[in-house]
Amino acid sequence: NVLAVLLDDSRSMRLTDLGPTSRLAAVQTAFGDSSAIVAALGEQFVLRFFRFAASARPVSGAGALDASGTRTDLATALDDAREELAGVPVAGMLVVSDGADNGGTDLGASLLALRARRIPVFTVGVGLDRFPRDIAIERVGAPTTILEGANIVVDATLR
């Protein structure tokens, strides 16, 4: 059976909230070719690695990650991996991510499609759950059209 290992390759993986190393470095260490986790999983499953950000693509392993993706779309990543492995006996999907999903695609539909094929999804979180100083943009209001070179007022609500 195949175990799909989906590794987050978005820019948020560059954050260094795990001591002196980045999230990316932690994932590359934990899921590198010579890691104990990969060796143990490799004894029971055929491992297929995928990098994902806006979409998922097969890779040789965690060393191929560069954290260059501009957004994280978990639903599309799961769909892409499921389609790539169509016709293959899949034991499960392991998603390694910081969970910063900003893709906007319905995750429920993707999980339902996997459930229909009886493919379980397991998650490994990377990074802190909460940040001590975090900012969220709640709302932005600006005119829909402006004259070239004109000054405008933009109303933004931050939390």
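On a predicted model such as this, the values are computed, not experimentally measured, just so you know. (Residues numbered from 1 in each chain as written. Predicted model: local features only at pLDDT ≥ 70, side-chain atom pairs only at ≥ 80, totals over all residues. Heavy atoms only, no water.)

1. Comments concerning unusual backbone geometry
Next up, step 1: In this structure, Ala 67 takes a positive phi of about 55° despite not being glycine.
Next up, step 2: Within the secondary structure, Ala 67 sits in the loop between β3 (56-59) and α3 (74-84).
Next up, step 3: For Ala 67, a relative accessible area of 0% corresponds to the buried category.
Next up, step 4: Phi is positive for Arg 118, which is not a glycine, with a value near 60°. (Helix = DSSP H or I, 4+ residues; strand = E, 2+ residues; numbered from the N terminus. Buried < 20%, exposed > 50% of the residue type's maximum accessible area, 1.4 Å probe, protein only.)

2. Digging into α3
Next up, step 1: Counting buried positions along α3 yields eight of eleven residues, so the element is predominantly enclosed.
Next up, step 2: Residues of α3 that are buried: Leu 74, Ala 75, Thr 76, Ala 77, Leu 78, Asp 79, Ala 81 and Arg 82.
Next up, step 3: On the buried face of α3, the contacting elements are β1 (2-8), β2 (46-52), β3, β4 (90-97), α4 (107-116) and β5 (121-125).
Next up, step 4: Two or three places before Ala 75, at the start of α3, stands the capping residue Asp 73, its side-chain oxygen 3.4 Å from that residue's backbone nitrogen. (Contact = heavy atoms within 4.5 Å. Polar contact = N/O pair within 3.5 Å; in protein donor to acceptor, adjacent residues only side chain to side chain.)

3. So, the environment of Leu 94
Next up, step 1: On the secondary structure map, Leu 94 appears in strand β4.
Next up, step 2: The exposure class assigned to Leu 94 is buried, which follows from its relative accessible area of 10%.
Next up, step 3: Each C-alpha atom of the pair Leu 94 and Leu 6 lies 6.0 Å from the other, and the pair is 88 residues apart in sequence.
Next up, step 4: Leave out the neighbours within four places in its chain, and Leu 94 touches Leu 3, Ala 4, Val 5, Leu 6, Phe 31, Leu 41, Phe 122 and Val 124.

4. Thoughts on the pattern of salt bridges
Next up, step 1: One pass over the structure, following the stated rule, counts eight salt bridges.
Next up, step 2: In this structure, Asp 66 and Arg 51 form a salt bridge, with 3.2 Å as the shortest nitrogen-oxygen distance. Of this pair, Asp 66 sits in the loop between β3 and α3 while Arg 51 sits in strand β2, and the two are 15 residues apart along the sequence.
Next up, step 3: A relative accessible area of 41% places Asp 66 in the partly exposed class.
Next up, step 4: With relative accessibility at 13%, the residue Arg 51 sits in the buried group.
Next up, step 5: The partner of Asp 73 in a salt bridge is Arg 71, with the nearest N and O atoms 3.5 Å apart.
Next up, step 6: Here Arg 71 falls in the partly exposed class, since its relative accessible area comes to 33%.
Next up, step 7: Salt bridges here are not isolated pairs; linked through shared partners, they connect Asp 9, Arg 51 and Asp 66. (Salt bridge = Lys/Arg side-chain N within 4 Å of Asp/Glu carboxyl O.)

5. Observations concerning the sheet that holds β3
Next up, step 1: Taking strand neighbours across the sheet as the criterion, the five strands line up as β3-β2-β1-β4-β5 in an open arrangement whose pairing is mixed. In this open sheet, the two strands that pair with only one neighbour each are β3 and β5. Shown here is a sheet whose adjacent strand axes are inclined to one another by a mean of 25°, direction ignored.
Next up, step 2: In the sheet, β1 pairs with β4 via six bridges, with the strands oriented parallel. Within β4, the position partnered with Val 5 by the bridge is Leu 94.
Next up, step 3: The strands touched by helix α2 (residues 36-44) within the sheet are β1, β2 and β4, with β2 carrying the most contacts at an inclination of about 130°. (Pairing = 2+ DSSP bridges. Axes fitted to C-alpha atoms, helices over the stretch in contact; angles between N-to-C directions.)

6. What about helix α1 (residues 23-30)?
Next up, step 1: Every buried residue belonging to α1 is among Arg 23, Leu 24 and Val 27, and all of these are buried. Within α1, the buried residues cover an arc of 100° as seen down the axis, which keeps them to one side.
Next up, step 2: Buried residues belonging to α1 abut β1 and β4. (Arc of directions from axis to C-beta.)

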